[in-house]
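Residue-level listing of the chains:
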Amino acid sequence: MSRKYDTVIGLEIHVALLTESKFLCSCSTEFGAPPNSHCCPICLGLPGSLPAINAKAVEYAVIAGSALNCVINPFSKFDRKNYFYPDLPKAYQITQDAYPICGPGYLDYYVQDKLERTKIVRIHLEEEAGKLIHSGESIIDSEYSLVDYNRAGIPLIEIVTAPDITAPEQARLFLEQLRLVMNYIQVSDTKMEEGSLRCDANISLKPKGSPVLGTKVEIKNLNSFRALERALEFEKERQREVLEQGGQIEQESRTWDERAGKTMTMRSKADAPDYRFFPDPNLPPLNLDPVWIENLKKSLPELPLERLHRLKDQDRLSHYEAAFLVNYPDFGDLFEKVKVTFPEPKAIVNLLMGDYARLAREHGHLNPVRLGELLQLLADEVINKNQGKDILEELFKTEEDSPAEIVEKRGWRMLSDAAQLRKVVEGILADNPDLVGRFRNGENKLFGFFIGQVMRATEGKADPEVVNNLLREELEGGRN
Amino acid sequence: MIDREEVIRIAALARLDLSEEEIEKYQRDLTDFLTACAQLKKVDVSQLRATSHAVTIKPRLRQDRVGPSLKQTDVLSGGADVQDGFFRVPRIVEGQG
Amino acid sequence: MKKLAYLLQSKQVSSIELVEKYLAQIEASEKKLNALITVDKKGALQAAREADQRWKKGENRSPWDGIPIVLKDNISTRGMRTTCASKILADYVPLYDASVVTLLRKQGLPILGKANLDEFAMGSSTEYSSFGVTVNPFDGNRVAGGSSGGSAAAVAAGETPWALGTDTGGSIRQPAAFCGVVGLKPTYGRVSRYGVVALAPSLDQVGPLAKTVEDAAILFSILAGTDPKDATSANAQEFNVPNWDDALIKGLKIGIPKEFFGEGLHPEVEEAVRRALQILEEEGALLVPLSLSTNVYAIDTYLTIVTAEASSSLARYDGVRYGQRKEGADSNTMFAKTRGEGFGAEVKRRIMLGTYVLGAGHYEDFYEQAQKVRTLIKDDLQSAWEKADLIITPTTPTTAFKIGEKRNPLEMYLSDLYTAIANLGGIPALSLPCGKDSRSLPIGLQIMANHFQEELMFQAAYFLEKKLLGRA
Ligand SMILES: [Zn+2]
């Protein structure tokens with residue numbers, strides 16, 4: 001990036017809420033049903049039908065707002081946003097314009113190991129539109145389009161950030177953290193591929209240090225974290241080139257073309273729509289009980305950043321280890337459960353981040369009690385590391401036997417009885433007098449040979465540390 | 001007086017295809033109406049809040065339970081152009097592709 | 001209606017006979033009146049047969065089981081087309097019943113048909129219907145009023161014992177006055193609007209039209225109450241037909257707002273209303289002169305709100321999911337052609353006005369301003385209730401006007417001069433026949449009450465009706 005400009009980015013994120021029924025009617029929100037099979041007079045906008053607000057959607061919006069440190073407004077209102085589009089059944093969207101359910105808040109997150117804060121301006125509740133399937137490759141080259149209203153009326157929250165973000169990568173990290181928060185509070189499944197998490201971005205450049213914002217461009221159709229970062233990188237460069245050549249940025253909406261890897265003009269400000277917002281006369285304002293709001297705030301689960309700090313501060317994990325457990329909450333939860341029976345955070349995280357992670361991705365997670373038992377065997381030096389790996393693989397096949405039982409059945413118990421091992425060591429030394437002599441004369445590398453011989457004699461079960469000590473005692477004791 | 005361009009802009013916004021005659025007629029009607037409403041603008045309402053509903057209504061929210069939807073064939077029964085379980089609309093972006 | 005119910009109960013008449021009688025009357029008078037858009041002979045007879053079966057087994061759903069009704073054609077009836085008197089919905093068949101229709105069916109009322117109206121209830125004469133004007137039963141050259149003109153005329157002509165209408169600015173009361181029947185616009189939210197095609201949702205209400213006050217009260221008792229499907233009906237109260245009690249009139253404070261007896265009021269209408277007031281006074285009611293000075297803003301405020309809300313409520317008719325469609329090369333062209341052709345002139349006019357007043361740069365000056373003036377009007381009404389229990393005015397400045405007489409839309413809008421205030425204030429208001437003018441055209445008197453005070457209003461109306469008609 002040129003040193004002449006600061007990049008200014010703000011995001012608008014749509015999150016589909018994980019309610020059973022739609023926002024304003026009782027149709028199912030299930031994904032993947034046959035087209036137009038989850039529709040009723042309300043979500044089809046049949047003449048005379050009226051909306052009825054889903055209490056759960058309101059609750060989820062309050063939970064989301066609380067998790068993003070937002071002011072929750074007990075009083076909020078629903079407005080109509082009027083525009084014509086084939087996927088919009090009533091030709092207006094029920095949304096919140098003047099009085100949103102959540103006011104200012106913020107989200108903290110790490111960019112590398114630096115803690116950053118992005119301000120949230122507002123969060124409002126609204127209804128989703130239907131889904132369009134275009135006859136051609138894209139909307140532009142399609143002769144006709146097909147409309148499915150199953151999605152129409154699913155509850156959404158729109159989260160609007162301040163233009164606080166200074167780099168495309170930071171925008172991606174913010175969105176990743178936001179998604180994690182939504183997952184932690186379980187208000188959305190945030191599947192970008194199914195459209196339950198979508199992002200529009202505003203980006204502008206301004207001369208370095210200038211307090212005056214430049215003309216912003218809106219980018220739509222950002223359907224993945226990668227698309228967000230790439231589109232912003234592209235747009236940043238495009239705007240820089242325009243400015244450096246003395247040109248002016250046009251205020252406009254652009255769409256991200258994933259295949260072409262570039263943004264393209266959708267519409268300019270000149271034909272910006274006039275949405276004619278006004279209060280929906282069919283819906284009285286919300287008047288939420290402040291006590292209810294407070295209780296929801298209090299019952300929030302531990303959020304990603306809190307968990308990260310706890311893992312670092314209390315469990316003494318590195319940032320990298322803690323971030324792993326936070327970003328993969330299933331691992332984080334497993335970690336906590338294993339810790340109950342085996343309170344050694346470092347050992348647990350080492351196990352989870354190693355072979356276990358690969359195997360669990362394939363087969364699903366193991367019982368935390370079994371993992372605790374395995375870690376205990378390793379810690380007690382009943383088995384060695386390699387045996388631990390074998391037992392892990394065995395557990396992914398069946399968890400019927402405990403690690404201890406597997407050890408017993410296979411006779412894998414580590415041989416660490418010093419008296420027994422001394423006999424083996426003595427036997428091997430007695431069988432190889434030449435080599436003993438050479439070692440004692442300084443041929444140090446032969447030490448490994450002796451270890452190998454002991455391991456072979458004990459079928460690999462010998463505790464390497466004990467063997468090591470015994471050999472040193474026996475060999476070096478006679479060295480002068 | 002509302003100008004002609006404004007009438008055309010409003011008709012486009014409201015998706016109303018108007019004839020030349022209608023444009024002229026609504027230009028007059030709009031002007032008359034706005035003249036008649038001019039007295040409203042003079043009322044001092046600076047101390048007042050807007051009323052959306054004359055009766056104060058305690059909102060009552062719906063429980064999140066799935067109810068029956070309509071059958072797909074019924075949903076589509078009113079559509080002028082349907083295909084494979086979908087409603088069909090002509091190209092969305094104007095001009096040819 | 002009590003008489004009909006008695007006849008049904010005592011098996012002196014069957015529901016089939018009743019329905020056949022009304023169908024015969026429809027047959028006889030429709031050519032002249034054009035009160036109905038759809039007559040559902042088959043459906044009504046079927047429902048009547050079922051009602052008779054229930055009576056036979058003593059399983060009647062209500063005392064009114066089998067007494068038929070007519071609905072204004074902007075009230076959704078499952079399987080029976082609901083046109084809103086618009087070309088765009090000429091073939092539209094709803095997939096569901098309006099909540100009020102469900103209530104009527106639960107009581108066993110057969111539906112004879114659907115009544116004419118001004119397109120999407122925008123108008124005061126049914127001249128804006130795309131199914132032709134409804135003629136006043138008292139004078140073939142005059143309008144029945146509107147927008148519930150079909151419902152009022154059908155009741156007046158004996159095509160139905162009662163009917164449902166909708167009222168946004170006077171659309172039940174004005175045609176009731178013109179046709180000499182009783183019409184009630186209930187308190188906003190007291191009757192569910194679910195399934196009633198919206199004109200202006202913050203003003204619309206469904207209400208009964210009937211020959212007598214008691215019949216209107218009975219029908220209202222079926223309709224009133226909370227409906228979970230209509231959020232604005234959340235604190236609605238049910239209504240029971242009261243025991244009629246003349247003693248309530250004594251000491252009743254009747255507000256007489258001077259603004260409703262001024263310029264523009266026809267002397268014969270004034271005289272009839274004053275006579276009714278005198279009857280009340282003789283019975284011991286106190287006539288309280290008062291002022292509703294904000295009524296001068298009522299029409300403009302009303303029009304601004306109605307057009308704004310209507311422009312949005314009617315946006316859904318885009319030719320995609322239901323209704324008629326006119327093809328175009330692209331979606332926007334298709335929308336514009338569909339709507340340009342499907343809507344009549346008045347509907348388009350109001351959509352244009354509404355789109356303008358909500359538009360960028362106009363919202364504060366027009367729509368929001370109107371909402372604030374509405375607060376002023378509401379406050380004005382509230383202070384009136386400190387002085388009076390009821391307010392009585394003429395329903396309309398004149399009796400029924402001639403078909404084609406009002407060519408200027410602004411002139412037509414003035415038909416709501418005395419009625420719109422009740423919608424803006426959300427209060428109940430009832431129109432009662434109080435005499436006839438020298439042309440033998442009915443004159444209507446309007447009684448208004450505070451929110452949810454329908455019962456007191458009905459008591460006064462019942463008393464007046466009895467005195468005026470010499471009914472004992
Ligand atoms: Zn639905």
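Attention here is on the structure that accompanies the text. (Residues numbered from 1 in each chain as written. Chains lettered and ligands numbered in written order. Predicted model: local features only at pLDDT ≥ 70, side-chain atom pairs only at ≥ 80, totals over all residues. Heavy atoms only, no water.)

### So, the coordination of the zinc ion
Ideal geometry at a metal centre: 109.5 degrees between donors when four sit tetrahedrally, and 90 or 180 degrees when six sit octahedrally. Residues and elements named next belong to chain A. The protein atoms that coordinate the zinc ion are Cys 25 (SG), Cys 27 (SG), Cys 40 (SG) and Cys 43 (SG), at distances of 2.3 to 2.4 Å. The coordination sphere of the zinc ion comprises 4 donor atoms, whose angles at the metal cover 101 to 116°; the geometry is tetrahedral. Sequence positions of the donors to the zinc ion reduce to the motif C-x1-C-x12-C-x2-C. With a gap of 13 residues between them, Cys 27 in the loop between β1 (5-16) and α1 (55-67) and Cys 40 in the loop between β1 and α1 connect regions that are remote in the sequence. For the residue pair Cys 27 and Cys 40, the accessibility class agrees, reading buried in each case. (Donors = N, O, S within 2.8 Å, 3.2 Å for Na, K, Ca; no water. Tetrahedral: all angles 85-135°; square planar, octahedral: opposite > 155°, others 65-115°. Helix = DSSP H or I, 4+ residues; strand = E, 2+ residues; numbered from the N terminus. Buried < 20%, exposed > 50% of the residue type's maximum accessible area, 1.4 Å probe, protein only.)

### Some thoughts on the interface of chain C and chain B
At the junction of the two partners, chain C supplies 65 residues and chain B supplies 53 residues. Both sides together, the interface formed by chain C and chain B hides about 5200 Å², and carbon and sulfur atoms give 65% of it. The largest per-residue losses of area from chain C upon contact with chain B belong to Leu95(C), Met352(C) and Tyr356(C), which jointly make up 13% of the total buried on that side. Across the contact surface, chain C and chain B share 3 salt bridges. For Asp81(B), the salt bridge identified is with Arg325(C), shortest N-O distance 3.9 Å. For the pair chain C and chain B, the number of links is 20 residue pairs in polar contact (both at pLDDT 80 or more). When contributions to the side of chain C that touches chain B are tallied by element, the ones reaching two or more residues are α9 (298-313), α10 (331-342), α11 (345-358), α12 (364-384), α13 (409-413) and α14 (420-425) of chain C. (Contact = heavy atoms within 4.5 Å. Buried area = accessible area lost by both parts, 1.4 Å probe. Salt bridge = Lys/Arg side-chain N within 4 Å of Asp/Glu carboxyl O. Polar contact = N/O pair within 3.5 Å; in protein donor to acceptor, adjacent residues only side chain to side chain.)

### Points about the pairing of strand β7 (residues 182-185) of chain C
Residue and element names in this part refer to chain C. Of the two faces of β7, both are covered, the one formed by Val 182 and Leu 184 as well as the one formed by Gly 183 and Lys 185. One ladder, built from 2 bridges, connects β7 with strand β8 (residues 205-210); its direction is antiparallel. Paired with Gly 183 across the bridge in β8 is Leu 209. Of the strand pairs in this sheet, β7 and strand β12 (residues 429-436) are connected by 3 bridges, and their pairing is antiparallel. When the sheet's bridge partners are listed, Leu 184 is paired in β12 with Leu 430. (Pairing = 2+ DSSP bridges.)

### Things to note about the sheet that holds strand β2 (residues 86-90) of chain B
With antiparallel pairing, the 4 strands of this open sheet are ordered in space as β7(A)-β8(A)-β2(B)-β1(B). Edge positions in the open sheet fall to β7 (131-134) of chain A together with β1 (82-83) of chain B, since each of these has one partner strand only. As judged from the 4 bridges shared by strand β8 (residues 144-148) of chain A and β2(B), these two strands associate in the antiparallel manner. Within β2(B), the position partnered with Tyr144(A) by the bridge is Pro90(B).

### So, unusual backbone geometry
All names here are of chain C. Cis geometry is adopted by the peptide bond preceding Ser 147, which originates at Gly 146 and carries an omega value of 10°. Looking at where Ser 147 falls in the secondary structure, it is placed in the loop between β5 (139-143) and α5 (149-156). Unlike most non-glycine residues, Asn 34 shows phi in positive territory, near 55°. Its location among the elements puts Asn 34 in the loop between α2 (15-33) and β1 (36-39). The class of Asn 34 is partly exposed, set by a relative accessible area of 21%. For Ser 440, which is not glycine, the phi torsion reads 65° and is therefore positive. Since its relative accessible area comes to 43%, Ser 440 is described here as partly exposed.

### Details of the packing of helix α5 (residues 304-313) of chain A against helix α7 (residues 329-341) of chain A
Residues and elements named next belong to chain A. Here α5 crosses α7 at 40°, and the two axes come no closer than 13 Å. Comparing the axis directions of α5 and α7 gives the class oblique. Here α5 and α7 pass one another in a crossing that is left-handed. In contact with Arg 307, Arg 310 and Leu 311 of α5, α7 contributes Pro 329, Gly 332, Asp 333, Phe 335, Glu 336 and Lys 339. Its residues placed into classes, the contact of α5 with α7 shows 3 nonpolar, 1 polar and 5 charged. (Axes fitted to C-alpha atoms, helices over the stretch in contact; angles between N-to-C directions. Parallel < 35°, antiparallel > 145°, perpendicular 65-115°, else oblique. Left-handed = near helix turned anticlockwise from the far one by under 90°. Nonpolar A, V, L, I, M, F, W, Y, C, P; charged D, E, K, R; others polar.)

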